[in-house]
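Read off the chains here:
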Amino acid sequence: MSQVNLKSARTTERDPEKAAEILCNELGSTKPKLVTLFASSDRDTLALNRAVRARLPKETRLLGASTAGEVDNNGIHIGGVLLGALSGDFEVGLGLGKNLSDDAITAGAQALAKAAEDLGVKPQDLDPRQHVGVVIDDGTRYKKEELLLGVLDKCPALTLVGGGAANLDFGNPEAHAMVHVDGEAETDAALVALFKTSAPWAAMRSHCYVPTGQTLRITKTDETSTRALEIDGQPAAQRYASLLGVGVDDLEFGKPNGFTQRPTALKVGREHFIRAPWKALPDGSVMFANLLDEGVELEIMQYTDIGEATKRFFAEELPKRVSNPTAALLFHCSGRAWAAQSMNAFGGLSESFTAAPPAAGFNVAFEIYCGFQINTTLTVLAFGRNDA
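Calculation notes
Residues numbered from 1 in each chain as written. Predicted model: local features only at pLDDT ≥ 70, side-chain atom pairs only at ≥ 80, totals over all residues. Heavy atoms only, no water. Salt bridge = Lys/Arg side-chain N within 4 Å of Asp/Glu carboxyl O. Helix = DSSP H or I, 4+ residues; strand = E, 2+ residues; numbered from the N terminus. Buried < 20%, exposed > 50% of the residue type's maximum accessible area, 1.4 Å probe, protein only. Pairing = 2+ DSSP bridges. Axes fitted to C-alpha atoms, helices over the stretch in contact; angles between N-to-C directions. Arc of directions from axis to C-beta. Phe/Tyr/Trp six-rings, centres within 6.5 Å; stacked < 30°, edge-to-face > 60°. Lys NZ or Arg CZ within 6 Å of the ring centre and 35° of its normal. Contact = heavy atoms within 4.5 Å. Disulfide = S-S within 2.5 Å. Parallel < 35°, antiparallel > 145°, perpendicular 65-115°, else oblique. Left-handed = near helix turned anticlockwise from the far one by under 90°. Nonpolar A, V, L, I, M, F, W, Y, C, P; charged D, E, K, R; others polar. Core = buried A, V, L, I, M, F, W, Y, C linked by side-chain atoms within 4.5 Å.

## Description of the pattern of salt bridges
- Per the counting criterion, the structure on display carries 22 salt bridges.
- The salt bridge partner of aspartate 72 is arginine 10, with a shortest N-O separation of 3.1 Å. Here the residue aspartate 72 occupies a position in strand β4 (residues 70-72), and arginine 10 occupies one in strand β1 (residues 2-11), the gap between them amounting to 62 residues.
- The exposure class assigned to aspartate 72 is buried, which follows from its relative accessible area of 4%.
- Linking lysine 144 and aspartate 137 is a salt bridge whose minimum nitrogen-to-oxygen distance equals 3.1 Å.
- Given the relative accessible area of 2%, lysine 144 is considered buried.
- Here aspartate 137 falls in the buried class, since its relative accessible area comes to 0%.
- One network of salt bridges, in which partners are shared, links Arg53, Arg61, Lys114, Asp118 and Asp182.

In structure tokens:
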């Protein structure tokens, strides 16, 4: 029998030493192989890291990130510290890549190589049936797509899931995020955790949108490939507003009748990967959080009840993929929390996490799923138990 277990502990204590003591005491006799430490961005990340590291067994690995909210089986919390302790039948390797802004591809390759080295395997020899990767980057740098090119360069079949370390002050361009591995905490960096296990596992995603069959085409972008200048050959913001039947001022993500209600998605096979626009700009363009290709066709999606969709995901979809689910790492888009608030659905969304297997996660700055950057989505690495 193989399985992976998770036990979580949470505190609002602000003193790093006291917080670490509370969290580690709550673990009791648990002897984890890996600990995740997700702490609000207004905390001293390095001090917390060192305080927890000092209280863990030497052989236990530690990773973490700054957050815009912490997520466990009791819901979504703001301003705290959440520890997840994973134990059971797995091995884990960790790697940290730095200077994300200067060379994200190299940072990704370096993080993956170090994690693989920890497991005693070359990146090109990773087995996608037994190995799965978690990627957490400084999400405020907007470098996920280049980063993923580096991570997957020598192992393109490797399954990846994750999200960006975040900051509560998301709109501030000077507010960045932190990631940490064992005793090292960095901004402008990314970490990779490689798991090897014979226990059941799956990388999954959940969003609350359904396809409408209505499409649009990005016909002109700016030089950064993040702003749509034209959609369907027309000024981007005005065209999107006309498709939705609203004014341009109603489009911005977080408002109930615009991009939150009807975002766009990239269809890949049977999947719809949400790539929601962010906001309409004064020059009539539309800013996206991901890179855009001129000529790409995107489908307009329709919002449904976010709490019910998330509860159904945990209760029905996840157990179909992972037998006897026993642990889940959650990467929950901060935009989902904003969307839920704008739809008066935050309480239902938060409550839906009671249906998850034992879980630890955080509100992230954009998500990673199967090599894609997406948004407005919950991505999950779930583990289970087999009886063989």
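## Some details on the sheet that holds strand β9 (residues 159-165)
- Pairing within the open sheet is mixed, and its six strands lie in the order β7-β12-β8-β9-β24-β25. Looking along the sheet, the strands with just one partner apiece sit at the ends: β7 (90-98) and β25 (372-374). Pairwise comparison of adjacent strand axes, ignoring direction, gives a mean angle of 20° for this sheet.
- Sheet analysis places β9 next to strand β24 (residues 367-369), joined by three bridges and oriented antiparallel. Across the sheet, the residue bridging to valine 161 is tyrosine 369, located in β24.

## Topic: helix α5 (residues 236-244)
- Within α5, burial applies to Ala236, Ala237, Tyr240, Ala241, Leu243 and Leu244. One face of α5 carries all of its buried residues, which in axial projection span an arc of 160°.
- Among the residues trailing α5, glycine 245 stands out with phi positive, at a value near 75°.

## Notes on the packing of aromatic side chains
- If you walk through the whole model with that rule in mind, you get 12 aromatic pairs.
- Between tyrosine 240 and phenylalanine 259, the aromatic rings sit 4.9 Å apart at their centres with planes inclined by 85°, giving edge-to-face as the arrangement. Residue tyrosine 240 is found in helix α5, and its partner phenylalanine 259 is found in the loop between α5 and β17 (264-268); the two are separated by 19 residues along the sequence.
- For phenylalanine 259, a relative accessible area of 0% puts it in the buried group.
- A connected cluster of aromatic rings, assembled from ring pairs, spans Phe38, Phe331 and Phe362.
- The ring centre of phenylalanine 90 lies 5.5 Å from the NZ or CZ of lysine 33, which sits over that ring.
- Just above the ring of tryptophan 278 sits the side chain of lysine 279; from NZ or CZ to the centre is 5.0 Å.

## Here's the deal with the pairing of strand β15 (residues 227-231)
- Inspection of the sheet shows strand β14 (residues 209-221) paired to β15 by three bridges, in the antiparallel sense. Residue isoleucine 218 lies in a different strand from β15, and its bridge partner there is isoleucine 231.
- Linkage of β14 to β15, two consecutive antiparallel strands, is achieved through a turn of five residues, within which serine 225 is found at a positive phi near 60°.
- When β15 meets strand β20 (residues 286-288), the two strands line up antiparallel, connected through two bridges. Looking at the pairing, arginine 227 lines up with methionine 287 of β20.
- Here β15 runs beside strand β16 (residues 234-235); their pairing, made up of two bridges, is antiparallel.

## Some remarks on the environment of alanine 85
- With respect to the helices and strands, alanine 85 occurs in strand β6 (residues 81-88).
- In sequence terms alanine 85 and threonine 30 are 55 residues apart; their C-alpha atoms lie 7.9 Å from each other.
- What alanine 85 contacts, discounting residues up to four positions off in sequence, is Asn5, Leu6, Lys7, Leu27, Thr30, Pro32, Leu34 and Val35.

## What to know about the state of the cysteines
- Scanning the entire structure with this criterion turns up zero disulfides.
- Take cysteine 333: it sits in no disulfide, and the sulfur closest to it among the cysteines is that of cysteine 208, at 11 Å.
- Since its relative accessible area comes to 4%, cysteine 333 is described here as buried.

## Regarding the packing of helix α3 (residues 104-118) against helix α4 (residues 144-151)
- For the pair α3 and α4, the least separation of the axes is 6 Å and the interaxial angle reads 45°. It follows that α3 is oblique to α4 by the angle criterion. Crossing hand, α3 versus α4: right-handed. In contact with Ala104, Ile105, Ala107, Gly108, Ala109 and Leu112 of α3, α4 contributes Glu146, Leu147, Leu149, Gly150 and Val151.
- Classifying every residue of the contact of α3 with α4 gives eight nonpolar, two polar and one charged.

## Topic: the nonpolar core
- Judged by nonpolar contacts, the single largest core of 49 residues is most densely connected at Leu216, Ala228, Phe314, Leu318, Leu330, Phe353 and Val380.
- Counting residues per element, this core draws most heavily on α5, which supplies six residues.
- Among residues more than four places away in sequence, those in contact with valine 380 are Val161, Ala202, Ala203, Met204, Phe313, Leu318, Ala328, Leu329 and Leu330.
- Judged by nonpolar contacts, the second largest core, of 35 residues, contains Ala65, Val132, Ile136 and Ala177.

## Side note on unusual backbone geometry
- Of note in this structure, phenylalanine 366 is not a glycine but carries a positive phi near 75°.
- Mapped onto the fold, phenylalanine 366 is located in the loop between β23 (359-364) and β24.
- Phenylalanine 366 sits in the buried class, given a relative accessible area of 10%.
- One non-glycine residue with positive phi stands out, namely cysteine 370, at about 50°.
- Structurally, the position occupied by cysteine 370 is in the loop between β24 and β25.
- Classification of cysteine 370 by relative accessible area gives partly exposed; the value is 38%.

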